[in-house]
Amino acid sequence: MATGVVPLATAGQARADDAGASGTAGRPGDAAQAGPRGAVSTSWTENWESGFVTGNGNLGAVLYGRPESPVVLVNNSKLYTSQYSPEQRTIAETAAFVPQIRETIKDQGYAAMLDWSFQQSKAHGLAPDESIDYHPGLFLNCSLTGADQASDYRRAENFETGEVTTTWQGTAGSFATKAFASRPDNVVVIQFTGPGAGALSATFSLGPVGTKQITPGPAQGPDWIGFHNLYAPGNGGYDGVVTFRTRGGTLAVDNGTATVQGADEILVLIRIERWRPPQTGGVDELARQLHRLPADYNGLIGPHAAVHGELYNRVSVDFGGGADRGLTTDALLAQAVRERTMPKALLEKVYDACRYVVLSASGDLPPNLQGIWNGNWSPPWHSDYSADANLQLAVDSTVSGAMPELMEGFFSLIESGVPSWQEGATKLAGCRGILYPARMQDQGTYFQQNHDWQWFNQVSIAGWLGHYFYDQYRYTGDLRFLRDRALPYLKECALFYEDWWVRDADGTLRSTPSFSYECAFADNATIDFAVAKEVLTNLIEGCTVLGIEADGVARWRELLTHFPAYMINTARTTGGTPPPNWQMETGVKAVADGSLKEFIEPNMLEFPAHRHLSSLYPLFVSHEFSPEDTPELWTAAARSYEKKIRSVGESESHYRMQASLCAARLGRGDDIWNFLTLMAADSVFHTSLVPSHYDNLNVFNVDASGGIPAVLHNALVFSAPGRLDLLPALPSALGTGAIRGILARGRVTVEELVWDYPSGTVTATLHSGTRQSVELSLPPGLSDVALTVGARRRQVGPLGTAGRTGTRVTLPAGRTRVALSFTPIAAPPTAVLLSYGATATASSTRTSDGDVTPDKTVDNNSSTRWTSDYADNQWLQIDLGAVHSLTEVKLNWETATARDFAIDVSADGHTWTTVTNVTGNTASGWMDFPNLSVSGRYVRLDLITRATSYGFSLWDVEVYGS
């Protein structure tokens, strides 16, 4: 499968954290002192993205910089720039033009419609284009006397307390900093200590504002520095105060700089507050508030650590990290890149870090694209709330990760936008209900549009967000939340659907205009009806539970009968000329391969190489598809998934997360492992273990922080009302392990799930909030299973018609222990990279293209490549030097990829066994061929047909085995 194309960091290539801006003052791999629940590094960085993070949900802080000149970046979750007054942010009134929009699509196509529609929006009240950026709150620049020429440097994030610590030896002696963002006191607290009594001297100043959209207003007092900064008129501003307390020594503040001389200790307190009219802010009052806090680091961190730790320590994992848990994060990340593997200790730390990031960035608002941390004045995609994948992933594991109360920020943000979204539905579309804006900031109220992203691009997003309202009820059983918040929100979504759709001549509903994120415009995007079906189905179920809305239930049921059926690529729905009116320039012609269509229309183009998996919403979000209830659609979705992972040539974390969620639902645990391994090997994780959006630490982004736990939770426990599947998609690399404390739908807590396949045992302790009957599905692939539930032996039998086995049990309110034994399953042999430095030969080499010899495919350097002559029927052969048991082959294609090729294996170079055939390929980048079971010394690529007019060209060939 193709799972990314950005070149790898090679074994000798510096990680981007450290390139040109870091120093190492310790031994990489030194044992971590703070235990397994944290990150530890022995190198510093001058890049904020690679700093260590802390947060209380509303304030976030990043600590980075050289030891003698550290920088503290502080963010507030509500800081967004503005260019215009609120009165200028009008919503266009285009409802009267919707019929003409639809007629233009039919007569001239989407391209003409987009031009015409945008002109009407501009002529009828569209607000001026405005860049609204999430921006830094402040940069506190520190200079510590005698802290230079550092040695024994060590920095750590403690996930259990939220504390970031740094220690080192400078020219004057020992130095240390400690920092955290307090939840009880809403303040960032930093403690500096130095070589000894009276030996700590430092200066502190604030960095400049980096955008003309903010009017700075510096301020200071006897023991503090700060500001009263203003946005565009009518938008208010934000205040910030940094106070200094010393034990011993002297403190002076002059011209925005605080100077401390001869202190034993310096305590710094930082708070930033956003204010809006009619408020006027007040930096002096903010300073007074901070003065009321105790000048006692231990006294401040104690209450915070109790609150933070209670939330964080509800869940833990054991994936077999063993002694490697004592390695630094530097060492584990370097090992991942060097060996192209996911060390189990690193996976544990990544999982722990993901929950830490989500906890630290969840407060009055949910995590945005960068969580709560940002050091850029013009951040990628404004670092706001993008809701066609990113926001959803950020919160995807919050509830199953046993932190359901942290969803309050998400629900509050969405609900705060409802009045504006109602206005947008009315003015833009002429509909009741709600229409989600193109983007959201801290209030979720502004309709931003441009030519290619107009208001009708997002008709399904409000309903997608509604998934999380109803899922909150399914996990918690909170009937008050269902009645007062989930159902009212879903009703607003349903009202829009009732008014928005038109009907074809036979009464079937049509969604027009329609858009499948983010690849194409055409009528009837599959995701539009998939989301709407989930909204209406949940609405009907919830109202029935409460015995309300009988008329509405009848109306919604009737509406569902007019939905178009999902469409599959068959001989009947493919082969014709694609309709000319759709804007689908990047698509490929569909073939009758049985996959699910992106749009519910015949002969439409397909988008297997696109990074979004929108059409698979019924598989990985709503779980509408199942092998028992919808076998044909289940198979079609699986084929679409297979096409995606073989075709996508991008490395976005949100793609890998959505694909992994599909893999979890399909029971493909080894696909999950491959995605996680790619992320580790291709340098997605910063030293803090905050992920990036792309490989090679490109764009600080937290999509994967919410996504990775969600993937693992679904792989280990899949839950639905009345159903619990144990280990449905366990990667074979995780033959032993445990997870404790996660939540399942139906008010079930998985207090403990422990598995040991080599010993043939799985045990689980379940705590149900109510007495209930559930189908308990056992892990697939087991034989001679003996099952005990409570104190009773249970008969294991088929569940449904799709191969699941297990039993139906009644869980009492309280704790139930489940135990099963089975024929042991040996752990797979540890796979190692066999091809590095092997002998590589080829049928030809295009020497006029430069140094492109075959050996470049096995040099562990993804910036070098082999290129053949510009002809079909070529070959590339790798001699591994001896016969090995081979388990996996990975290919990294340059743009000049192969359309048709085979991979053959031989023990003697004469008799060959074909292990895979690929036909019709157009993708470049990485392709993965796992789960091989063959022995051989030689691996040959038979390159039959080129996909371009150039030769065949490969960056890397990797052969794994034992």
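Please read these numbers as outputs of a predicted model, since none were measured by experiment.

(A) Structural view of the overall build of the chain. Helix and strand counts for the chain come out as 17 helices and 46 strands. The C-alpha atoms of the chain give 29 Å as radius of gyration, which agrees with the globular expectation for 962 residues (30 Å, within 12%). Taken along its principal axes, the extent of the C-alpha atoms in the chain is 80 × 70 × 70 Å. Across the 962 residues in the chain, those meeting the buried criterion constitute 61%. In the chain, of all internal contacts separated by at least 6 residues, the share reaching a separation of at least 24 is 71%. Here the chain has roughly 32,800 Å² of accessible surface; of this, 49% comes from carbon and sulfur atoms. Each charge class in the chain can be summarised by its mean position, and for the 72 positive and 101 negative side chains these summaries are 5 Å apart.

(B) How the structure looks around the pairing of strand 8 (residues 151-158). Where strand 2 (residues 38-41) meets strand 8, four bridges bridge the pair, whose relative direction is antiparallel. Each residue of the ladder has a partner; that of Val40, found in strand 8, is Ala156. Pairing analysis gives six bridges linking strand 8 to strand 9 (residues 163-170), with the strands arranged antiparallel. Along strand 9, the bridge assignment pairs Ala156 with Thr165. Hairpin connection from strand 8 to strand 9: four residues lie between these consecutive antiparallel strands, with Gly162 at a positive phi of about 80°.

(C) Layout of the sheet that holds strand 18 (residues 265-275). With respect to topology, nine strands assemble into an open sheet ordered 2-8-9-10-11-18-15-14-13, the strand pairing being antiparallel. With partners counted over all chains shown, the strands left at the sheet margins are strand 2 and strand 13 (218-221), one partner each. Neighbour-to-neighbour, the strand axes of the sheet open up by a mean angle of 15°, direction not taken into account. Packing of helix 3 (residues 283-291) onto the sheet brings it into contact with strand 11 (187-193), strand 13, strand 14 (224-230), strand 15 (237-247) and strand 18, and relative to strand 15 it is tilted by some 35°.

(D) Quick peek at the layout of surface pockets. One number sums up the size of the second largest pocket: a volume of about 930 Å³. Residue lining of the second largest pocket: 36 residues in total, with Pro608, Lys643, Arg646, Ser647 and Gly920 positioned closest to the centre. Of all the secondary structure elements, the ones that give two or more residues to the lining of the second largest pocket are helix 14 (631-647), strand 43 (912-918) and strand 44 (925-929). Looking at the lining of the second largest pocket, its residues break down into 14 nonpolar, ten polar and twelve charged.

(E) Structural context of the packing of aromatic side chains. Taken as a whole and assessed by the stated rule, the structure comprises 43 aromatic pairs. Residues Trp501 and Phe529 carry aromatic rings whose centres are separated by 5.1 Å and whose planes lie at 20° to one another, so their mutual orientation is stacked. Linking Trp501 in the loop between helix 10 (479-500) and strand 20 (502-503) with Phe529 in helix 11 (residues 526-546), this pair joins segments that are 28 residues apart in sequence. Judged on exposure class, the residue Trp501 and its partner Phe529 are both buried. Between Arg940 and the ring centre of Trp912, over which it is positioned, the NZ or CZ distance is 4.0 Å.

(F) Layout of helix 14. Between its first and last C-alpha, helix 14 extends 24 Å over 17 residues, near the 24 Å set by a 1.5 Å rise per residue. Within helix 14, burial applies to Leu633, Trp634, Ala636, Ala637, Ala638, Ser640, Tyr641, Lys644, Ile645 and Ser647. Elements that come into contact with the buried residues of helix 14 comprise helix 13 (617-620), helix 15 (653-666) and helix 16 (669-681).

(G) Structural view of the sheet that holds strand 32 (residues 772-777). Strands sit in the order 26-27-32-36-35 across an open sheet of five strands; the sheet is mixed. Of all the strands in the sheet, just strand 26 (717-720) and strand 35 (797-799) have a single pairing partner and so form its edges. When the angles between neighbouring strand axes are averaged without regard to direction, this sheet yields 35°. As paired strands, strand 26 and strand 27 (residues 723-726) are joined by four bridges and run antiparallel to one another. Of the residues in strand 27, the one forming a bridge with Ala720 is Arg723. Where helix 17 (residues 703-716) meets the sheet, it contacts strand 26 and strand 27, and its direction lies at approximately 85° from that of strand 26.

(H) Fine view of the side chain of Asn368. Mapped onto the fold, Asn368 is located in the loop between helix 6 (344-360) and helix 7 (390-395). Among the polar contacts listed, one links the side chain of Asn368 to the backbone oxygen of Ser383, at a separation of 3.2 Å. The residues touching Asn368, leaving out its near neighbours within four places in the chain, are Tyr80, Tyr134, Ser383, Asp384, Tyr385 and Val702.

(I) The pairing of strand 16 (residues 250-254), seen in detail. Pairing between strand 16 and strand 17 (residues 257-263): five bridges, direction antiparallel. Its bridge partner lying in strand 17, Ala252 is registered against Thr259.

(J) Structural context of unusual backbone geometry. A cis amide bond links Thr512 with the next residue in sequence, Pro513, at an omega value of -5°. Here Pro513 is to be found in the loop between strand 21 (509-510) and strand 22 (515-516). Across the junction of Tyr517 and Glu518, the peptide omega takes the value -25°, indicating a cis bond. Along the chain, Glu518 turns up in the loop between strand 22 and strand 23 (520-521). The backbone of Asn255 shows a phi angle near 55°, a positive value even though the residue is not glycine. Residue placement: Asn255 occurs in the loop between strand 16 and strand 17. A positive phi is found at Val699, a non-glycine position, where the angle reads about 75°.

(K) Up close: the packing of helix 15 against helix 17. Where helix 15 contacts helix 17, the two axes come as close as 9 Å, and the packing angle between them is 10°. Here helix 15 lies roughly parallel to helix 17, going by the angle between them. Contact residues: Ser653, His654, Met657, Ser660, Leu661 and Ala664 in helix 15; Asp703, Ala704, Gly707, Ile708, Ala710, Val711, Asn714 and Ala715 in helix 17. Partitioning the contact of helix 15 with helix 17 into residue classes produces eight nonpolar, five polar and one charged.

(L) Quick peek at the nonpolar core. Of all hydrophobic cores here, the largest spans 244 residues; its most connected members are Tyr489 and Leu753. Not counting chain neighbours up to four residues away, the residues in contact with Leu753 comprise Leu716, Val717, Leu726, Leu727, Gly737, Ala738, Ile739, Val762, Thr763 and Ala764. One finds Ala898, Met927, Leu932 and Leu941 within the second-largest nonpolar core, a separate group that totals 29 residues.

Here is what the cut-offs are and how they apply
Counting of residues starts from 1 at the beginning of each chain's written sequence and follows it residue by residue. Local features in this predicted model are restricted to residues of pLDDT 70 or higher, and side-chain atom pairs are both shown and tallied only at a pLDDT of 80 or more, whereas totals for entire chains, interfaces and linings draw on every residue. The basis for the side-chain values is all heavy atoms of the structure; hydrogens and waters are excluded. Each helix corresponds to a stretch of at least 4 residues labelled H or I by DSSP, and each strand to a stretch of at least 2 residues labelled E; elements are numbered beginning at the N terminus. In this treatment the radius of gyration is a C-alpha quantity, and the globule benchmark scales as 2.2 Å times the residue count to the 0.38 power. Buried, partly exposed and exposed residues are distinguished by accessible area as a fraction of the type maximum, computed with a 1.4 Å probe on protein chains only: under 20%, between the cut-offs, and over 50%, respectively. What makes two residues a contact is simply this: any of their non-hydrogen atoms within 4.5 Å. Per-residue and other accessible areas were derived by the Shrake-Rupley procedure at a 1.4 Å probe size, with only the shown protein chains allowed to occlude residues. For the charge count, each Lys or Arg is scored as positive and each Asp or Glu as negative, with His and the chain ends excluded. Where a charge lies is defined by one atom per residue type, namely NZ (Lys), CZ (Arg), CG (Asp) and CD (Glu). Two strands pair under a simple rule: DSSP has to find at least two bridges between them. The axes used here are C-alpha line fits, helices contributing only the stretch in contact, and every angle between their N-to-C directions lies in the interval 0 to 180 degrees. In this analysis a 1.4 Å probe is tested at points of a 1 Å grid over the protein atoms alone, and where it fits but cannot get out there is a cavity; an open set with protein on both sides within 12 Å along at least five of seven lines is a pocket; lining residues have an atom within 4 Å of a point. Grid points are joined across faces, edges and corners, and a volume is the space filled by probe spheres set on the points. We call Asp, Glu, Lys and Arg charged. Ala, Val, Leu, Ile, Met, Phe, Trp, Tyr, Cys and Pro are nonpolar, and the rest, Gly among them, are polar. Ring pairs are drawn from Phe, Tyr and Trp, using the six-membered ring of Trp, whenever the two centres fall within 6.5 Å, and their geometry is named by plane angle: stacked under 30 degrees, edge-to-face over 60, tilted for the rest. Ring-over charges, as used throughout, are those where CZ of Arg or NZ of Lys falls within 6 Å of the ring centre and within 35 degrees of the ring normal. Here the expected span of a helix is defined as 1.5 Å times the quantity of residues minus one. In protein, a polar contact requires one atom able to donate a hydrogen and another able to accept it; more generally it is a pair of N or O atoms within 3.5 Å, and residues adjacent in sequence count only if both atoms are side-chain atoms. Throughout this description, any angle smaller than 35 degrees is read as roughly parallel, any larger than 145 degrees as roughly antiparallel, any in the 65 to 115 degree range as roughly perpendicular, and the remainder as oblique. The set of buried Ala, Val, Leu, Ile, Met, Phe, Trp, Tyr and Cys residues whose side-chain atoms join them within 4.5 Å is what this entry labels a nonpolar core.

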